[in-house]
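Here is how the chains run, residue by residue.
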Amino acid sequence: MSCFNYLNLKLYINMNRKNFLIVFILLMIGTDVRGEQVTAVINGLRYLLNDGNAQVARQDKSLSGDIVIPEKVSFGGNDYIVNSIVYPSNTATYGGHTSISAEGGAFQGSSITSVTIPKTITSLSSCAFIGCSKLQKVILPETLTSIGFGCFAYCSSLTDIVLPSNVSSVSEWALGGCTSLKTINIPENLTTLSRAVFYNSGLEEITIPTTVRQMVEGCLSTSTLKKIYMYIEDITKISYTESCFGSVNNTSLYVPLGSKIVYQEYYPWMSFKEIIESEEITASIETERFKNNFSLILSKTTETISSEDKNDIEVALATYYSLSEMAQAQLLPEKEHLDSLKQKIDGIISIIDYVTFDSDEKVSIFTLSGQKVQNVQKGHIYIINGKKVLNK
């Protein structure tokens, strides 16, 4: 049961104008609202409190300025984790996908200029910020995984937003009508560009990574696009609708080397002002492939060496030296990851009878499986005169 202190209760009566003004200043002390939902305004934001959790509630449209949603709030002597934003009472789509509306979005129509979302919120609700025409900047946490329908729709002043790497779902109209938004990143985990997700936005250029597998109706339907960088080498391997773009008569399409001929065969790609094969795109794709292969091979090599299976050591050592050379030549920062592996390599080498040998020496050389060889390779172990020898 809640306990209240009623302080400074005043009654003002103007008999001539017959107006009554009653001002209650209520201070709640020692209140425990766990187990029942309570609405509370804390540091200027309204929340729904229940069972240790706090949900950001519907805010007044008069709310303005820079908003920082905290990870937790305290009320009545208890702490509550802020883990969600209230859903609107109603949403609607009109004309196929040409416009939307909502009622009861959390910050809908307010005058906020920026908002910071805490890491405790992993999903943004539908239409949470729809119609916030003064909103310019949004800071999202790396823990965020999804953005709901129309979340930032019609935020016409929005220029600064970065989608975190863990985002795997951005729903329809999420950034539609953001006419000041010139560019946006597409995280690798986001494999689908949803229906009208950037409809009538101000995007001037965008990069579509190799991880995108589906482009739905109206996803990039905007007249402002000047450049699209497509990292997908074979456009026939993904799903897309012919209406995923708007007019692209003035838009340049940049594609990987050797893929232009494929793009020219299919609509809507053939409708672009020009299709340009890009060496930079291809180089970026190859670098990313190397990074992925590097990580995989390094992991497998470490696993092999750690197992201390001497029959597999030949492959592991050869791989190690190959990785070292590639890291130095292509990705110098990656070489740092080889330090711990090298320590294990050195430990293994120390128990081999001979660390080096002259490959031109006139001796019979055998592999560990007993096959005689004429040529030796760097980093491989061979049997010479009955002993294991490393060609370093």
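Owing to the predicted nature of the structure, the values given are computational and were not obtained by experimental measurement.

### Some thoughts on the overall build of the chain
Next up, step 1: Across its full length, the chain carries four helices and 28 strands.
Next up, step 2: The burial tally for the chain puts 41% of its 392 residues in the buried class.
Next up, step 3: Counting only contacts in the chain whose residues sit at least 6 apart along the sequence, the fraction spanning at least 24 positions is 44%.
Next up, step 4: Carbon and sulfur atoms form 48% of the exposed surface of the chain, whose accessible area is close to 20700 Å².

### Examining the nonpolar core
Next up, step 1: If you look at the biggest cluster of nonpolar residues, it comprises 72 residues, and the most contacted ones within it are Phe107, Phe129, Phe152 and Leu220.
Next up, step 2: Residues within four places of Phe107 in sequence aside, it is in contact with Leu45, Val56, Arg58, Gln59, Leu63, Ile67, Ile69, Ile112, Ala128, Phe129 and Cys132.
Next up, step 3: In this structure, Ile100, Ala102, Ala153 and Tyr199 belong to the second largest nonpolar core, which totals nine residues.

### Focus on unusual backbone geometry
Next up, step 1: A cis amide bond, omega 10°, links Tyr267 with the succeeding residue Pro268.
Next up, step 2: When you line up the elements, Pro268 lands in the loop between helix H1 (260-263) and strand E24 (274-278).
Next up, step 3: At Tyr154, a residue that is not glycine, the phi angle is positive and equals roughly 60°.
Next up, step 4: Note that Tyr154 resides in the loop between strand E14 (146-147) and strand E15 (160-161).
Next up, step 5: The phi dihedral of Ala196 is positive, around 55°, even though this residue is not glycine.
Next up, step 6: Take Ala196: it is sitting in the loop between strand E18 (192-193) and strand E19 (205-208).
Next up, step 7: When its relative accessible area of 0% is taken as the criterion, Ala196 is described as buried.

### Let's talk about the side chain of Gln59
Next up, step 1: With respect to the helices, strands and loops of the structure, Gln59 is situated in the loop between strand E5 (53-56) and strand E6 (64-68).
Next up, step 2: The exposure class assigned to Gln59 is buried, which follows from its relative accessible area of 4%.
Next up, step 3: Engagement of the side chain of Gln59 in a polar contact is seen with the backbone oxygen of Arg46, the distance being 2.9 Å.
Next up, step 4: Not counting residues up to four positions away in its chain, the partners in contact with Gln59 are Gly44, Leu45, Arg46, Ala106 and Phe107.

### Looking at the pattern of salt bridges
Proximity of charged atoms lets side chains of opposite charge pair with each other.
Next up, step 1: Counted under the stated rule, the structure contains four salt bridges.
Next up, step 2: Two residues, Asp79 and Lys72, come together in a salt bridge whose shortest N-O distance is 4.0 Å.
Next up, step 3: Glu204 is paired through a salt bridge with Lys182; the nearest N and O atoms lie 3.8 Å apart. Pair noted here: Glu204 is in the loop between E18 and E19 and Lys182 is in the loop between strand E16 (169-170) and strand E17 (183-184), with a separation of 22 residues, a long-range link.
Next up, step 4: The exposure class of Lys182 is partly exposed, given its relative accessible area of 42%.

### With respect to the sheet that holds strand E21 (residues 227-230)
Next up, step 1: The parallel open sheet is built from five strands, whose spatial order is E17-E19-E21-E23-E24. Of all strands in the sheet, those with a lone pairing partner are E17 and E24, marking the two edges.
Next up, step 2: Summarising the sheet, E19 and E21 pair through four bridges and their orientation is parallel. Paired with Thr207 across the two strands is Tyr229, which belongs to E21.

### With respect to the sheet that holds strand E3 (residues 38-42)
Next up, step 1: A sheet is described by the order of its strands in space; here five strands give the open sequence E3-E4-E5-E8-E7, paired in mixed fashion. The strands lining the two open edges of the sheet, one partner per strand, are E3 and strand E7 (72-75). The mean inter-strand angle of the sheet, taken between neighbouring strand axes irrespective of direction, is 40°.
Next up, step 2: Inspection of the sheet shows strand E4 (residues 45-50) paired to E5 by four bridges, in the antiparallel sense. Bridge pairing links Tyr47 to Val56 in E5.

### Points about the layout of surface pockets
Next up, step 1: By volume, the largest pocket is sized at about 290 Å³.
Next up, step 2: What lines the largest pocket is a set of twelve residues, among which Glu188, Pro209, Thr210, Tyr231 and Glu288 lie closest to the centre.
Next up, step 3: In terms of residue count, the dominant contributor to the lining of the largest pocket is helix H2 (residues 279-306) (five residues).
Next up, step 4: Tallied by class, the residues present in the lining of the largest pocket amount to four nonpolar, five polar and three charged.

Calculation criteria
- Residues numbered from 1 in each chain as written.
- Predicted model: local features only at pLDDT ≥ 70, side-chain atom pairs only at ≥ 80, totals over all residues.
- Heavy atoms only, no water.
- Helix = DSSP H or I, 4+ residues; strand = E, 2+ residues; numbered from the N terminus.
- Buried < 20%, exposed > 50% of the residue type's maximum accessible area, 1.4 Å probe, protein only.
- Contact = heavy atoms within 4.5 Å.
- Areas by Shrake-Rupley, 256 points an atom, 1.4 Å probe, with all protein chains shown as cover.
- Core = buried A, V, L, I, M, F, W, Y, C linked by side-chain atoms within 4.5 Å.
- Polar contact = N/O pair within 3.5 Å; in protein donor to acceptor, adjacent residues only side chain to side chain.
- Salt bridge = Lys/Arg side-chain N within 4 Å of Asp/Glu carboxyl O.
- Pairing = 2+ DSSP bridges.
- Axes fitted to C-alpha atoms, helices over the stretch in contact; angles between N-to-C directions.
- 1 Å grid on protein atoms, 1.4 Å probe; cavity = no way out; pocket = protein on both sides within 12 Å on 5 of 7 lines; lining within 4 Å.
- Points joined across faces, edges and corners; volume = space filled by probe spheres on them.
- Nonpolar A, V, L, I, M, F, W, Y, C, P; charged D, E, K, R; others polar.

Without other data, these values stay purely geometric and don't point to any function.
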